[in-house]
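Structural overview
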Amino acid sequence: MRIVEVRELTVPLAGTPANAVVSFAGHTVSLVALVSDQIREGRPVTGLAFNSIGRFGQAGILKERMIPRLLAAAPEDLQASDGSAFDPAAVLATILQGEKPGGHGDRSGAAAAIELAVWDLNARLAGEPAYATIARAFDRTLDPTEMRLDVPVYAAGGYYYPDDSIGRLRHELERYHGLGFDAFKIKIGGATLDEDCRRIEAALTVAGAGDRLAVDANGRFDTEAALACGRAIEAFGLRWFEEPGDPLDFALHQAISKAYSGPLATGENLFSVMDVENLLRYGGPRSGIDIFQMDPGLSYGLTEYGRMLDLLEQYGFHRSGCFPHGGHLINLHVVAGLSLGGCEAYPDVFQPFGGYSERCRIEGGRVTPGEEPGFGLEWKEGLAPYLEQLMAGL
Ligand code: MG
């Protein structure tokens, strides 16, 4: 059993909302296909995945460095010991040959696209949804009485619009509510503190209670501004205050965690186990309060993410506090398979990758993955034309 070809297609993201720091116009995603030599129904079994949304495609790193290393490897070095599946950790080690530690940058997203495609490929080889493959690989129970597949989900959005920003914010959240969501996240930090408080008040008229609404500053503030924001919003009793400052400014994070009583959320810009350990050592996260948002698609895939979970548990944190960044099918299967705290969803933006497929069920603020093999990307509305292009001739 071997991987015979690896393809990459850079796909533009539709929609141009903005958060406090960046506009998403121009963002792209690397859609990857791992083509195996196993033939089912006349076609090769192919693993499909992508790196995360809200960033950029990684065609250069993939095509110049990682794909050649993978195709040059001995097939037996990439297989699980019983030969029935591919070994994601072995694939990751192979595509990282010659790379030095640290300085992760875009490399960790490029590697993630391939590593996650291995999970999709293994699930398709086993004829099961990816959450089942993931749960088994990480020794999680598959007993349906103990493992809940319907995971909590919140609708993320609440971006800044150039006109009638607050009115459009309220309408946006009302629309999400109509789609079955009962928790929300909006952007802050892109306007004055007074204006952001008015945005929060408007959002609360839809969310109903502070614990149904999170805010995300996307690393906008310095320590003084983050502390001021924390003081201004503390009384709202929000679900969480996300990325108040630079995600690698652990002293800032520690200062906020001492001053702000509500939950803080961070981690989407931590791309390795070592990054996470630095947050735990120096950022002052509080067990049972704070939220971790590391995203396998940004951080070398599920192999590295599993090591991050082990580390969190060694430090006394619980996986129920993990809400991976990136609301899409891949992370839904990760959250369900690993019994994490929940998912986000982007009903309006980051298309065609954001949100879930018709095979998933969203109701009562929970989302359940479909039972089709793998991550089920072929069922995601809008992705099919890109998958056809990626897999042309197979
Ligand atoms: Mg965020």
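Placed above this text is the structure.
To keep things clear, this report deals only with the structure shown in the data block. (Residues numbered from 1 in each chain as written. Predicted model: local features only at pLDDT ≥ 70, side-chain atom pairs only at ≥ 80, totals over all residues. Heavy atoms only, no water.)

**A look at the layout of surface pockets**
Estimated volume of the largest pocket: approximately 510 Å³. Taken together, 16 residues make up the lining of the largest pocket; nearest its centre are Arg-43, Pro-44, Arg-124, Glu-378 and Met-391. For the lining of the largest pocket, the secondary structure elements donating two or more residues are β3 (43-50) and α12 (384-390). Among the elements that take part in the lining of the largest pocket, β3 stands out by supplying 5 residues, more than any other. Its residues placed into classes, the lining of the largest pocket shows 8 nonpolar, 2 polar and 6 charged. (1 Å grid on protein atoms, 1.4 Å probe; cavity = no way out; pocket = protein on both sides within 12 Å on 5 of 7 lines; lining within 4 Å. Points joined across faces, edges and corners; volume = space filled by probe spheres on them. Helix = DSSP H or I, 4+ residues; strand = E, 2+ residues; numbered from the N terminus. Nonpolar A, V, L, I, M, F, W, Y, C, P; charged D, E, K, R; others polar.)

**Some details on helix α9 (residues 273-282)**
Those residues of α9 not exposed but buried are Val-273, Asp-275, Val-276, Glu-277, Leu-279 and Leu-280. Those residues of α9 that are buried are in contact with α8 (250-259), β8 (264-266), β9 (291-292) and α10 (302-314). (Buried < 20%, exposed > 50% of the residue type's maximum accessible area, 1.4 Å probe, protein only. Contact = heavy atoms within 4.5 Å.)

**Topic: the sheet that holds strand β2 (residues 28-40)**
Taken in spatial order, the 3 strands of this open sheet run β1-β2-β3, and their pairing is antiparallel. Lying at the two open borders of the sheet, with one neighbouring strand each, are β1 (3-12) and β3. On average, each strand axis in the sheet is tilted by 25° relative to the strand beside it, whichever way the strands run. Relative to β1, helix α1 (residues 59-72) is tilted by about 170°, and along the sheet it contacts β1 and β2. (Pairing = 2+ DSSP bridges. Axes fitted to C-alpha atoms, helices over the stretch in contact; angles between N-to-C directions.)

**A few points about the side chain of Thr-28**
Assignment of secondary structure puts Thr-28 in strand β2. Of the residues examined, Thr-28 reaches a relative accessible area of 18% and is grouped as buried. Within polar-contact distance, the side chain of Thr-28 engages the backbone nitrogen of Gly-57 at 2.8 Å. When neighbours within four sequence positions are excluded, Thr-28 is seen to be in contact with Thr-10, Val-11, Pro-12, Leu-13, Arg-55, Phe-56 and Gly-57. (Polar contact = N/O pair within 3.5 Å; in protein donor to acceptor, adjacent residues only side chain to side chain.)

**Observations regarding the pattern of salt bridges**
One pass over the full model with this rule turns up 24 salt bridges. For Glu-277, the salt bridge goes to Arg-281, with nearest N and O atoms at 3.9 Å. Here Glu-277 and its partner Arg-281 are both found in helix α9, 4 residues apart, which amounts to about one turn of the helix. Between Asp-290 and Arg-286 there is a salt bridge whose closest N-O contact spans 2.8 Å. Grouping residues by exposure puts Asp-290 and Arg-286 together as buried. Taken together, the salt bridges that share partners define one network made up of Arg-65, Arg-69, Glu-99 and Arg-107. (Salt bridge = Lys/Arg side-chain N within 4 Å of Asp/Glu carboxyl O.)

**With respect to the packing of aromatic side chains**
If you walk through the whole model with that rule in mind, you get 7 aromatic pairs. By way of ring pairs, the aromatic residues Tyr-154, Trp-240 and Phe-323 are connected into one cluster. Lying over the aromatic face of Tyr-160, Arg-199 brings its terminal NZ or CZ to 4.0 Å of the ring centre. (Phe/Tyr/Trp six-rings, centres within 6.5 Å; stacked < 30°, edge-to-face > 60°. Lys NZ or Arg CZ within 6 Å of the ring centre and 35° of its normal.)

**With respect to the coordination of the magnesium ion**
Those donors, Asp-216 (OD), Glu-242 (OE) and Glu-268 (OE), are the protein atoms that reach the magnesium ion, and they lie 2.0 to 2.3 Å from it. Sequence positions of the donors to the magnesium ion reduce to the motif D-x25-E-x25-E. Here Glu-242, found in strand β7 (residues 241-242), pairs with Glu-268, found in the loop between β8 and α9; they are 26 residues apart in sequence, far enough to count as distant. For the residue pair Glu-242 and Glu-268, the accessibility class agrees, reading buried in each case. (Donors = N, O, S within 2.8 Å, 3.2 Å for Na, K, Ca; no water.)

**Considerations on the packing of α1 against helix α2 (residues 88-95)**
Axis separation between α1 and α2 bottoms out at 8 Å; the angle between their running directions is 125°. When the interaxial angle is binned, α1 and α2 end up oblique. Both α1 and α2 take part in a crossing whose hand is right-handed. Where α1 abuts α2, its residues Met-66, Arg-69 and Leu-70 lie against Val-91, Thr-94 and Ile-95. By residue class, the composition of the contact of α1 with α2 is 4 nonpolar, 1 polar and 1 charged. (Parallel < 35°, antiparallel > 145°, perpendicular 65-115°, else oblique. Left-handed = near helix turned anticlockwise from the far one by under 90°.)

**Examining helix α3 (residues 107-126)**
With 20 residues, α3 extends 29 Å from end C-alpha to end C-alpha; this agrees with the ideal 28 Å at 1.5 Å per step. Among the 20 residues that make up α3, 19 are buried, leaving the element largely enclosed by the rest of the structure. Gly-127, located one to two residues past α3, shows a positive phi value of around 65°. (Expected span 1.5 Å × (residues − 1).)

**Remarks on the packing of helix α4 (residues 130-137) against helix α11 (residues 329-338)**
At a minimum axis separation of 8 Å, α4 and α11 run at an interaxial angle of 40°. Taken together, α4 and α11 sit at an angle that is classed as oblique. For the pair α4 and α11, the crossing hand works out as right-handed. For the pair α4 and α11, contact is made by Ala-130, Tyr-131, Ile-134 and Ala-135 and by His-333, Val-334, Ala-336, Gly-337 and Leu-338, respectively.

**Quick look at the environment of Asn-278**
Following the sequence through the fold, Asn-278 ends up in helix α9. The class for Asn-278 is partly exposed, based on a relative accessible area of 22%. The spatial distance from the C-alpha of Asn-278 to the C-alpha of Leu-248 is 8.8 Å, given a sequence separation of 30 residues. Setting aside residues up to four positions removed in sequence, Asn-278 forms contacts with Phe-250 and Gly-283.

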